[in-house]
Amino acid sequence: MPNFRKVWDALPTESERVDDYGLGIRESLEDAVEAVTNILGMQACEGTEAVPPNARSHTTLLSGVFVGNVTVLIRLSLGIDASSHVAMKLTVRAEDAAVSELIHALISVA
């Protein structure tokens, strides 16, 4: 996706769903980004999959198309503490609010 921000701003704000999740202990933020990206089957945008070495926080932008050709965008904000516990704030926008809710449901049981 060449311009994440433009598409994000075009999606209905009423479809936005935000929640926080604990991802447990991970080796790195890169490991956490890869795990969530694989669970959702989405693509990172604008090179945001690249986590700087020794980063304590990072934001990854994801895009995908859900069944029925529904555009879905995600802002994945991660942080890691000194004991390697990873926290994630997941913000989803989609053309259909039900899809945003489904993405959160998928993560909550993964």
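The rules behind each value
Residues numbered from 1 in each chain as written. Predicted model: local features only at pLDDT ≥ 70, side-chain atom pairs only at ≥ 80, totals over all residues. Heavy atoms only, no water. Helix = DSSP H or I, 4+ residues; strand = E, 2+ residues; numbered from the N terminus. Rg over C-alpha atoms; globule rule 2.2 N^0.38 Å. Buried < 20%, exposed > 50% of the residue type's maximum accessible area, 1.4 Å probe, protein only. Contact = heavy atoms within 4.5 Å. Areas by Shrake-Rupley, 256 points an atom, 1.4 Å probe, with all protein chains shown as cover. Lys, Arg positive; Asp, Glu negative; His and termini not counted. Charge placed at Lys NZ, Arg CZ, Asp CG, Glu CD. Pairing = 2+ DSSP bridges.

Caption draft 1: A look at the overall build of the protein. Along its length, the protein carries three helices and five strands. Here the protein has a C-alpha radius of gyration of 13 Å; the compact-globule value for 110 residues is 13 Å, and the two agree. Once the C-alpha set of the protein is aligned to its principal axes, its extents read approximately 40 × 30 × 20 Å. Counting every position in the protein, which comprises 110 residues, the buried fraction comes to 40%. Residue pairs in contact within the protein that sit at least 24 positions apart in sequence constitute 56% of those at least 6 positions apart. Counting every atom, the protein has about 6,100 Å² of accessible surface; 50% of that belongs to carbon and sulfur. The centroid of the 8 positive side-chain charges in the protein is displaced by 6 Å from the centroid of its 15 negative side-chain charges.

Caption draft 2: Local environment of the pairing of strand β3 (residues 57-66). Across two bridges, strand β2 (residues 43-44) lies against β3 in antiparallel orientation. What sits directly across from Ala44, in β3, is Leu62. Summarising the sheet, β3 and strand β4 (residues 70-80) pair through 10 bridges and their orientation is antiparallel. By the bridge assignment, Leu61 is partnered in β4 with Arg75. Hairpin connection between β3 and β4: a loop of three residues separates the two successive antiparallel strands, and Gly68 in this loop has a positive phi of roughly 90°.

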